[in-house]
Amino acid sequence: MSTASATLSTAAPADHRAAVSLVEKCRLATELRQIHGRIIKSDILSHPLVASRFVSAFSLSEGNSLPDCLLLYSQMMASLGNRQGLGFSLPSLLKSCGKASALEEGRQIHAQVLKSHLREDPFVSNSILRMYLEMGEVEVALKVFDKMFNRDVISWNSMISGCFKSGKIDLACRMFDEMPHKDIVSVNSMVDGLMKHVGCDFARELFEKNRDKSDVVTWTSMVSGYTLNGHPKEALKLFREMLRSGVDPDVAAIVNGLSAIADLGFAEEGRWIHAMLHRSSTSLNSGILASALIDMYSKCGLIGDACSVFRSISSRRRIVDWNSMLSGLALHGLGRETLDLFNEMLRMDVNPDEVTFLAILSACSHSGLVDEGQHYFKIMHEEFNISPRIKHYGCMIDLFGRAGLLENATRIIDEMPVEPDSMIWKSLLSSCIKHGYVAIGEAAAMKALELAPLDSSCYVLLSNLYANAGKWSNVAKIRAVMKARKVRKNPGCSSVMIGGSIHEFFVGKEMGTTCREVVRAKLEEVIGRLKMEGYRADLNQVIVDVDEEEKEGLLVVHSEKMAIAFGLASIDEGAPIRVMKNLRVCGDCHSFSKLVSRVYNQEIILRDQNRFHHFKGGTCSCNDYW
DNA sequence: ATAGGGTTAG
C-alpha cells in the first residue's frame, strides 16, 4: 500500500498547505483524482500553489496523465481569479505535453501564451522551448529560441541537451561555443552529450579543461559515459576519485558506480558501497537504488544477496525492482524461479512492462522452456497489450534456435514487422553452429556481415561454423578476409578473484613470470588428471586462436582455463572460484570446468558474456544448454 | 514552477 492511499481515508485537507503536502505524497493519478474531487468545491483549489502542484503531480505521476493536466488548465483558464496559478502551472503542463508528444495541444497552449502577459515569463517561455525539444521538433525550437527576447542560460542549456538528444551534434557544439555565459549545467550537458554521441576522449578533454571538480553531476556523467562506452574500469576509477576528492555522492552517482561495478563483477567493492549506504541510513526505497543493488549483486554472481535486497524492500515494490530481480534470476539460468516470481508479481497486481517480458523470454530461452516462452510471448501482446520489439523477437529466435527448432526461428525472422539487425542474424547463426546447419548459418552470417562488416564476432562465428563442419579451407578464407579488412578478433580475457583482488588473464599476452609458471604448472597437472578421467581437448573450439600459436613463450589456451588453473593453485579451501570472461565460454572450456568441479571437488562460478555457469560436482547449472 | 547525471534487456 502506498503512502497516499493510507492518508486518503482521512477527511479533505483543511487548508492549502495540507493540500500541497497531500498532493506531494501521491504516486498514482487515481489518488490525485480523489483528492482533487474532494476539494473541487472549496476555494483551496484556486490557490495558485495548489493548482500548480496538481498539474505537476499529474504530469509526474505514473503514466503522465496529460488529460488531467489539460482539464485543470481549462478550469484555471475559466476562473479569472487564478492568473497566478496559471503561471505556475504552465511549466508542468508544457512538460506533460512534451512527454506525451502532444504536439497539437502544445501548439495551442503556445499560441494562447503568446496572446497573454505570460509570454514575458522566462519560466513559461523556457518550458515552451523545452517542450518542442522533448518532442524532437528541433526546427520549431530553433525558431522559438531565435525569437526569444528573454533568452537566458537555461534556454541555451536546453538547446544544447535537446540538440544532442535529436542527434544534431554539430548544432549542440556550436551552441555551446557561441553562448555568452556558460554555467556548470552547460558543461555537464556537453560532457554527457559528447559521451553519448561523440566519444569518451572528447568528453574527457572538456572534463579536464573544466577546473571546477566539485559538482557531483559532472562526475556522474563521466562515470556513466565510460560505462556506456564499454570502459567500466575507467568509470570505477573516476568514481573512486570522486569519493576521494570529497564530493558527496547522491543516488544517481551511487547508481552509476554500482553499474560500473556490476559490469566488472567486483563483488567486494559492491558490498562496500552497500555497507556505506547502510551506515548512512540511506533508504533503498527511494529511486532506483534497490534495483541497482539487485542488478549489481546478480551480475557479481551473488544471486542470494540480490534476493535479500529484493525481499528487504519494505514499501510497495515497483516495476524496476521486479525487473532487476527477474533479469538476475534469468542471468543465473534459474528459469523456473523467474517464472514463479513473475506469477507472484502478477498476483500483487504489478503491471509488467516490455523489460519484464525480455527477462521472462530470456529466462525461458536460457532454460530451454520452449512452450512457456511461446506462451508468454503470446500473452505479452494479447493480455498485456505490449507489442514485441526487436529484442523480444531476438529472444524468441534464441529460444527456438537453441532448442534446435530452426524452422520456427527462421519463421520469426520472416514474419517480424521490423527489419532484422545483425544481432538477430548472429543469434540464428549461433544456433546453426550448435546444431550443425551449415547452409542456413552461412546465409545468416552473410546478412550479419552486410549489416556489421567491422564486427569481429560475425567472422568468428562463421569461422566456428566451418570449423565444426570440418571445412578448413573456408576457415582459412575467413581469416584472410579478416586480415584484409583489418578486423581483429576481440581478445579473450578472464579474471579471477582471489582474496579480494582481481587477477586478469589474456590469450596470447605476456604475464608476470611467477604467475605464468604457476599457471603453466597447474594447467599441466590438471589436464593430465582430467585426461585420465576421459577428457579430450576439443580442438575445433580452439581453432580461432591459432594465430597466437606462433608467439613463443605464451600460453595458448583460452583465458578461462588459465584463470581456473590460477584459482585452483591459489584459492582458499572450500571457497568457490569466481571467474569472469568477456566472451562466451566455448564447449571445450565448459567440459573442462565441469570435470574440474568433480575431480578437484571445487565449485566454479563463471560469468561469460551471456550468463552465469555454476559448476559443481561435475555438472553445470545451465544443464549444458547455453 | 524552466536547463545537467540514474537500474532493468542484448
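It should be emphasised that the depicted structure is a prediction, and the values quoted were computed from it without experimental measurement. (Residues numbered from 1 in each chain as written. Chains lettered and ligands numbered in written order. Predicted model: local features only at pLDDT ≥ 70, side-chain atom pairs only at ≥ 80, totals over all residues. Heavy atoms only, no water.)

Draft legend 1. Up close: the overall build of chain A. Across its full length, chain A holds 32 helices and six strands. Since a compact globule built from 626 residues should have a radius of gyration of about 25 Å, the 28 Å found for chain A is in line with a globular shape. Along the longest, intermediate and shortest principal axes, the C-alpha atoms of chain A span 90 × 55 × 55 Å. Residues counted as buried form 51% of the 626 residues belonging to chain A. Summed over its atoms, the accessible surface of chain A is roughly 30000 Å², and 53% of this surface lies on carbon and sulfur atoms. In chain A, 72 positive and 74 negative side-chain charges are present, and the distance between their average locations comes to 1 Å. (Helix = DSSP H or I, 4+ residues; strand = E, 2+ residues; numbered from the N terminus. Rg over C-alpha atoms; globule rule 2.2 N^0.38 Å. Buried < 20%, exposed > 50% of the residue type's maximum accessible area, 1.4 Å probe, protein only. Areas by Shrake-Rupley, 256 points an atom, 1.4 Å probe, with all protein chains shown as cover. Lys, Arg positive; Asp, Glu negative; His and termini not counted. Charge placed at Lys NZ, Arg CZ, Asp CG, Glu CD.)

Draft legend 2. The nonpolar core, seen in detail. Counting residues in hydrophobic clusters, the biggest one holds 153 residues, and the most contacted among them are Phe-54, Leu-90 and Tyr-376. Three or more residues apiece are contributed to this core by two domains, here domain 1 (1-100) and domain 2 (432-484). Excluding anything up to four places from it in sequence, Phe-54 contacts Val-23, Leu-32, Ile-35, His-36, Ile-39, Leu-45 and Leu-72. Counting 34 residues, the second largest nonpolar core, distinct from the first, contains Ala-563, Val-585, Cys-586 and Cys-620. (Core = buried A, V, L, I, M, F, W, Y, C linked by side-chain atoms within 4.5 Å. Domains from an automatic or database assignment. Contact = heavy atoms within 4.5 Å.)

Draft legend 3. Structural context of helix α14 (residues 216-228). For α14, with 13 residues, the first-to-last C-alpha span of 18 Å sits near the 18 Å given by 1.5 Å per residue. In terms of burial, α14 is a largely internal element, eleven of the 13 residues being buried. Residues of α14 that are buried include every one of Val-216, Thr-218, Trp-219, Thr-220, Ser-221, Met-222, Val-223, Ser-224, Gly-225, Tyr-226 and Thr-227, and no others. In this structure, the buried side of α14 is in contact with α12 (184-197), α13 (200-209), α15 (232-244) and α16 (251-264). Here α14 starts with a cap whose side-chain oxygen sits 3.1 Å from the backbone nitrogen of Val-217, and that cap is Asp-215. Downstream of α14 by a residue or two, Gly-230 has a phi angle that is positive, lying close to 80 degrees. (Expected span 1.5 Å × (residues − 1). Polar contact = N/O pair within 3.5 Å; in protein donor to acceptor, adjacent residues only side chain to side chain.)

Draft legend 4. View of the packing of helix α20 (residues 319-331) against helix α22 (residues 354-367). Running from N to C, α20 and α22 cross one another at 15 degrees; their axes reach a closest spacing of 9 Å. What the angle tells us is that α20 and α22 run roughly parallel. The way α20 lies across α22 gives a crossing that is left-handed. Together, Ile-319, Asn-323, Leu-326, Ser-327 and Ala-330 of α20 and Val-355, Thr-356, Ala-359, Ile-360, Ser-362, Ala-363 and His-366 of α22 make up the contact between the two elements. Partitioning the contact of α20 with α22 into residue classes produces seven nonpolar, five polar and no charged. (Axes fitted to C-alpha atoms, helices over the stretch in contact; angles between N-to-C directions. Parallel < 35°, antiparallel > 145°, perpendicular 65-115°, else oblique. Left-handed = near helix turned anticlockwise from the far one by under 90°. Nonpolar A, V, L, I, M, F, W, Y, C, P; charged D, E, K, R; others polar.)

Draft legend 5. The arrangement of the packing of aromatic side chains in detail. The full count for this structure, using the stated rule, is nine aromatic pairs. With centroids separated by 5.2 Å and ring planes inclined at 75 degrees, the aromatic side chains of Phe-207 and Trp-219 adopt a geometry described as edge-to-face. Pair noted here: Phe-207 is in helix α13 and Trp-219 is in helix α14, with a separation of twelve residues, a long-range link. Each member of the pair, Phe-207 together with Trp-219, is buried. Pairing Phe-342 with Tyr-376 gives two aromatic rings, centres 5.5 Å apart and planes at 85 degrees, and the pair type is edge-to-face. (Phe/Tyr/Trp six-rings, centres within 6.5 Å; stacked < 30°, edge-to-face > 60°.)

Draft legend 6. Layout of the protein's contact with DNA strand B. Surrounding DNA strand B, one finds 50 residues, the nearest of these being Asn-188, Asp-215, Asp-250, Ser-291 and Ser-362. The share of sugar and phosphate among atoms of DNA strand B within 4 Å of the protein is 45%. Side-chain polar atom of Thr-220 to a base nitrogen of DNA strand B: 3.1 Å apart, as the coordinates give it. In the model, a phosphate oxygen of DNA strand B is placed 3.4 Å from a nitrogen or oxygen of the Asp-295 side chain. The element contributing the most residues to the surface near DNA strand B is α12, with six residues. (Near = heavy atom within 4 Å.)

Draft legend 7. Region of interest: the UniProt feature "repeat: PPR" (unreviewed entry) in chain A. The UniProt entry lists residues 121-151, 152-186, 215-249 and 318-352 under the feature "repeat: PPR" (unreviewed entry), expressed in the numbering used here. Secondary structure over residues 215-249 splits into 74% helix and 0% strand, and the C-alpha atoms at its two ends are 10 Å apart. Between the C-alpha atoms that bound residues 318-352 there is a distance of 10 Å. The span itself is 74% helix and 0% strand. (UniProt positions renumbered as here; feature names shortened; annotations may be inferred.)

Draft legend 8. Here's a closer look at the pattern of salt bridges. Under the counting rule described, the total for this entry stands at 22 salt bridges. Across the pair Glu-372 and Arg-336 runs a salt bridge, and its minimum N-O distance is 2.9 Å. Here Arg-336 lies in helix α21 (residues 335-347) and Glu-372 lies in helix α23 (residues 370-382), a separation of 36 residues in the sequence. Of the residues examined, Arg-336 reaches a relative accessible area of 47% and is grouped as partly exposed. For Glu-354, the salt bridge is made with Arg-389, and the minimal N-O distance between the two is 3.2 Å. Highlighted residues: Glu-354 in helix α22 and Arg-389 in the loop between α23 and α24 (390-402), separated in sequence by 35 residues. Because the salt bridges share partners, they merge into one network encompassing Arg-204, Glu-208, Glu-234 and Lys-237. (Salt bridge = Lys/Arg side-chain N within 4 Å of Asp/Glu carboxyl O.)

Draft legend 9. Layout of the pairing of strand β3 (residues 577-581). Most of β3 sits inside the fold, with four of its five residues counted as buried. For strand β1 (residues 493-498) and β3, the ladder comprises three bridges, and the chain directions are antiparallel. Residue pairing across strands places Val-496 opposite Val-579, the latter belonging to β3. Chirality of the crossover, the property in question, places the unit of β3, helix α32 (residues 587-599) and strand β4 (residues 604-607) among those that are right-handed. (Pairing = 2+ DSSP bridges. Right-handed = clockwise from strand over helix to strand, strands pointing away.)

Draft legend 10. Spatial organisation of empty space enclosed by the protein. Enumeration over the complete set of coordinates arrives at two cavities of 30 Å³ or more. Taken as a whole, the largest cavity holds about 120 Å³ of empty space. Around the largest cavity, the lining is made up of 17 residues, and of these Gly-265, Cys-300, Met-497, Arg-578 and Met-580 lie nearest the centre. When residues of the lining of the largest cavity are traced back to their parent elements, those giving at least two are β1, β3 and β4. Tallied by class, residues from the lining of the largest cavity come to eleven nonpolar, three polar and three charged. (1 Å grid on protein atoms, 1.4 Å probe; cavity = no way out; pocket = protein on both sides within 12 Å on 5 of 7 lines; lining within 4 Å. Points joined across faces, edges and corners; volume = space filled by probe spheres on them.)

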